[in-house]
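Each chain is listed here by its residues.
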Amino acid sequence: MICFNGERIEVKKFPNGEALIHSENLKLRNDNNEIKVNFENDEDITHLIFLKGHLDELKIKCNLVLPYMPYSRMDRTEGIMIFTLKHLCRLINSLNFESVTIYEPHSDVSTALLDRVKVINMSKTLTEELLKELNSGKDTVYLVYPDAGAAKRYGKEIKYAKILTANKERDFKTGFIKKLQINGEVESKNFKAIIVDDLCSKGGTFVLTASKLKEMGAGEIYLVVTHCENTVFEGDLLKGDLITGIYTTNSILSKDHEKIRVYKI
């Protein structure tokens, strides 16, 4: 889905599937025009090219906002897998936006490859807000990083003393996690825990992490992720009472659940 200055662009199709985009309803500004791409599929990239080309012909300068950076998980060359993020960033750079704003990139690769990029660390913001809520009580609250990458990243961004870090061992042939353990000790039982990361799909890693935290005595467990895919409903994360709540954004998620609090971007 593509929005221009806050209004959704209506894209119709010819019988053969080609896009038909009307331009008469575009609300042009003198400055600070913005295209926002809530990525749903590859068609959004094609429509972005068409819209930006049209604005260039009108000599309208424009900024790009990506609540979720498409292909951000394809951030390296691995085996025969194509480094798709690199090629998408090249395409975006060629469109010559005034600025490109991305929310919670999966790695530093996106920011390194994009020109005039701005980053919004949304997981940090969501975590700090939740900490304010939970620290008003008497229970001890721990931040939990589900792997070394999250610990390295959020340990720098979020200044907080009570930290637990998980180590996981993955079977790269199957993609499943073979083993997960949590490093660190808790002061007392019945503590509260906030698992922090950038993205959740089916939530397998977070289920294992939360299960370990329950064994350690966690009474309430929250998950903070900027990007939550609709596939979370296919996994076990929302089943039972393992997770108390999920704090996320609408960068990808389009479904509701009583345990999910969604912040709009």
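In this report, the structure presented in the accompanying data block is examined. (Residues numbered from 1 in each chain as written. Predicted model: local features only at pLDDT ≥ 70, side-chain atom pairs only at ≥ 80, totals over all residues. Heavy atoms only, no water.)

Some points on helix H2 (residues 84–94)
- Along H2, the residues classified as buried are Leu85, Leu88, Cys89, Ile92 and Asn93. Along the long axis of H2, the arc covered by the buried residues comes to 140°, so they all point the same way. Within H2, the exposed residues directed more than 90 degrees away from the buried face are Arg90 and Ser94.
- Looking at the buried residues of H2, the elements they touch are helix H1 (43–57), strand S6 (62–66), strand S7 (100–103) and helix H3 (108–113).
- Where H2 ends, the next residue or the one after it, asparagine 96, has phi of about 60°, a positive value. (Buried < 20%, exposed > 50% of the residue type's maximum accessible area, 1.4 Å probe, protein only. Helix = DSSP H or I, 4+ residues; strand = E, 2+ residues; numbered from the N terminus. Arc of directions from axis to C-beta. Contact = heavy atoms within 4.5 Å.)

Let's talk about the environment of isoleucine 102
- Among the secondary structure elements, isoleucine 102 is positioned in strand S7.
- Sequence separation between isoleucine 102 and tyrosine 68 is 34 residues; the distance between their C-alpha atoms is 6.6 Å.

Quick look at the pairing of strand S12 (residues 192–200)
- Across the nine residues of S12, nine count as buried, placing the element largely inside the fold.
- Strand direction decides the pairing type here: strand S9 (residues 141–145) and S12, joined by four bridges, are parallel. Opposite valine 141, over in S12, you have lysine 192 as the bridge partner.
- Taken together, the eight bridges between S12 and strand S13 (residues 220–228) define a ladder with parallel strand orientation. Paired with leucine 199 across the strands is histidine 227, a residue of S13.
- Between S12 and its parallel partner S13, the chain crosses via helix H6 (residues 204–216), and the hand of that crossover is right-handed. (Pairing = 2+ DSSP bridges. Right-handed = clockwise from strand over helix to strand, strands pointing away.)

What about the packing of aromatic side chains?
- Applying the stated criterion to the full structure yields five aromatic pairs.
- Three or more aromatic residues joined by ring pairs make a cluster, and in this case those are Tyr222, Tyr247 and Tyr263. (Phe/Tyr/Trp six-rings, centres within 6.5 Å; stacked < 30°, edge-to-face > 60°.)

Topic: the pattern of salt bridges
- Throughout the structure, instances matching the rule amount to twelve salt bridges.
- Put simply, glutamate 229 and arginine 73 hold a salt bridge, and the shortest N to O gap is 2.7 Å. Taken together, the residues glutamate 229 in the loop between S13 and strand S14 (245–249) and arginine 73 in the loop between S6 and H2 connect sequence positions 156 residues apart.
- The buried category is assigned to glutamate 229, whose relative accessible area is 13%.
- Its salt-bridge partner being arginine 153, residue glutamate 157 comes within 3.8 Å of it at the nearest N-O pair. Residue glutamate 157 and its partner arginine 153 are located together in helix H5 (residues 148–157), separated by four residues, close to a single helical turn. Take glutamate 157 and arginine 153: they sit in the same class, and that class is buried.
- Overlapping salt bridges bring together Glu104, Arg153 and Glu157 as one network. (Salt bridge = Lys/Arg side-chain N within 4 Å of Asp/Glu carboxyl O.)

Considerations on the sheet that holds S6
- The sheet built from six strands is open, its strands ordered S2-S1-S5-S6-S7-S8 with mixed pairing. The open sheet has two edge strands with one neighbour each: strand S2 (7–8) and strand S8 (117–120).
- Bridge count between strand S1 (residues 2–4) and S2: two bridges; the pairing is antiparallel. By the bridge assignment, cysteine 3 is partnered in S2 with arginine 8.
- Across the sheet, H1 is in contact with S1, strand S5 (33–37) and S6; its angle to S1 comes to roughly 20°. (Axes fitted to C-alpha atoms, helices over the stretch in contact; angles between N-to-C directions.)

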